[in-house]
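Understanding the architecture of this molecule
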Amino acid sequence: MKKVITYGTFDLLHYGHINLLRRARELGDYLVVALSTDEFNWHEKHKKCYFSYDRRKQMLEAIRYVDLVIPEENWEQKKTDVVKYGVDVFVIGDDWKGKFDFLRDQGCEVVYLPRTPEISTTEIKNSLGGAGE
Ligand code: C2G
């Protein structure tokens, strides 16, 4: 079984996220999503989520491409996650291009996928008149 992992906040879930999850799942047989916790978002990513971790987890678990959702609590856990979950492929949007190449050193394929243009959580918030992330 070829296992894929990806990481993200996935707040105000939109079709850009779904495109990423679909393409990630297509690279293997099983997709793990490491979902940024509320604390990690706030303290490390300086993002205030509209939906709580539990709500964002609930929505991700309802997506057919997603097999398992785990918490992303820090920047450093990727190396251990790859070993712990027996991951073959790490996938993320190309806004992160080059940032996680180090995972190749432990035999994990690293794939940066093109982002879906013209959609983002920040844009959604701005168009609704809310503050950006
Ligand atoms: N994404 C995309 N197209 C968009 C918006 C997002 O392909 N229009 C992708 C991002 O590149 C990312 C995933 O969807 O791979 C989740 O996006 P975010 O929730 O914004 O995640 P991010 O804040 O980039 O968190 O440790 C890594 C971080 O947790 C990644």
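Summary of the structure given here. (Residues numbered from 1 in each chain as written. Predicted model: local features only at pLDDT ≥ 70, side-chain atom pairs only at ≥ 80, totals over all residues. Heavy atoms only, no water.)

Concerning the packing of aromatic side chains
Just so we agree on the cut-off: Each pair of aromatic rings taken from Phe, Tyr and Trp, with Trp reduced to its six-membered ring, is defined by centres within 6.5 Å and is described as stacked if the planes are under 30 degrees apart, edge-to-face if over 60, and tilted in the remaining cases. Under the scheme used here, helices are H or I runs from DSSP no shorter than 4 residues and strands are E runs no shorter than 2 residues, and both carry numbers assigned from the N terminus. Note on classification: 1.4 Å probe, protein chains only; a residue is buried when its accessible area is under 20% of the maximum for its type, exposed when over 50%, partly exposed between these limits. Any Lys NZ or Arg CZ found within 6 Å of a ring centre and within 35 degrees of that ring's normal is scored as a charge over the ring.
If you walk through the whole model with that rule in mind, you get seven aromatic pairs. Aromatic pair Phe 40 and Trp 75: ring centres 4.9 Å apart, planes at 70°, arrangement edge-to-face. Residue Phe 40 is found in helix α2 (residues 38-43), and its partner Trp 75 is found in the loop between β3 (68-72) and α4 (78-84); the two are separated by 35 residues along the sequence. Judged by its relative accessible area of 30%, Trp 75 falls in the partly exposed class. Aromatic rings pair up to connect Tyr 7, Phe 40, Trp 75, Phe 90, Trp 96, Phe 100 and Phe 102 into one cluster. Against the face of Tyr 30 rests Lys 3, its NZ or CZ located 4.8 Å from the ring centre. Of note, Lys 78 hangs over the ring of Tyr 7, and the distance from its end group to the ring centre comes to 4.7 Å.

Focus: the pairing of strand β5 (residues 109-113)
Applicable threshold: Pairing between strands is defined by DSSP: at least two bridges between the two strands are required.
Within β5, four of the five residues are buried, leaving the element largely enclosed by the surrounding structure. Bridge count for strand β4 (residues 89-93) against β5 is five bridges, and the pairing is parallel. Paired with Gly 93 across the bridge in β5 is Leu 113.

Things to note about the sheet that holds β3
Heads up, the rule is: To get an axis, fit a line to the C-alpha atoms, keeping to the stretch in contact for a helix; angles then go from 0 to 180 degrees between the N-to-C directions. Contacts between residues were defined by any pair of non-hydrogen atoms, one from each residue, lying within 4.5 Å.
Across the sheet, which stays open at both edges, the five strands sit in the order β3-β2-β1-β4-β5 with parallel pairing between neighbours. With partners counted over all chains shown, the strands left at the sheet margins are β3 and β5, one partner each. The sheet shows a mean angle of 25° between the axes of neighbouring strands, taken without regard to direction. Taken together, the two bridges between strand β1 (residues 3-8) and β4 define a ladder with parallel strand orientation. Directly across from Val 4, in β4, lies its bridge partner Val 89. Where helix α1 (residues 15-25) meets the sheet, it contacts β1, β2 (30-36), β4 and β5, and its direction lies at approximately 140° from that of β2.

Here's the deal with the site of the ligand
The condition is simple: One heavy atom within 4 Å of a molecule or strand makes the whole residue count as near it. Within 3.5 Å is the distance limit for a polar contact, defined as a pair of N or O atoms, with the added protein rule that one can donate a hydrogen and the other accept it, and that residues adjacent in sequence qualify only through two side-chain atoms. For every accessible area listed, the method is Shrake-Rupley and the probe measures 1.4 Å; residues are considered covered only by the protein chains on display. The nonpolar class holds Ala, Val, Leu, Ile, Met, Phe, Trp, Tyr, Cys and Pro. Asp, Glu, Lys and Arg form the charged class, and all remaining residues, Gly among them, are polar.
Among the 21 residues in the neighbourhood of the ligand, the closest are listed as Lys 47, Glu 72, Lys 78, Thr 116 and Ile 119. Interatomic distance of 2.8 Å between a backbone N/O atom of Phe 10 and an oxygen atom of the ligand. Within the side chain of Ser 36, an N or O atom sits 3.5 Å from an oxygen atom of the ligand. Starting from 630 Å² of accessible surface for the ligand in isolation, the protein chains cover 95%. Of all the elements in the fold, those that place two or more residues in the shell around the ligand are β1, α1 and β4. With three residues, the top contributor of residues to the shell around the ligand is α1. Here the shell around the ligand is composed, by residue class, of seven nonpolar, eight polar and six charged.

Concerning the environment of Cys 49
By the secondary structure assignment, Cys 49 is in the loop between α2 and α3 (53-61). For Cys 49 and Arg 115, which are 66 residues apart along the polypeptide, the C-alpha to C-alpha distance reads 20 Å. The contact partners of Cys 49, leaving out residues within four places of it in the chain, are Thr 9, Asp 11, Asn 41 and Arg 56.

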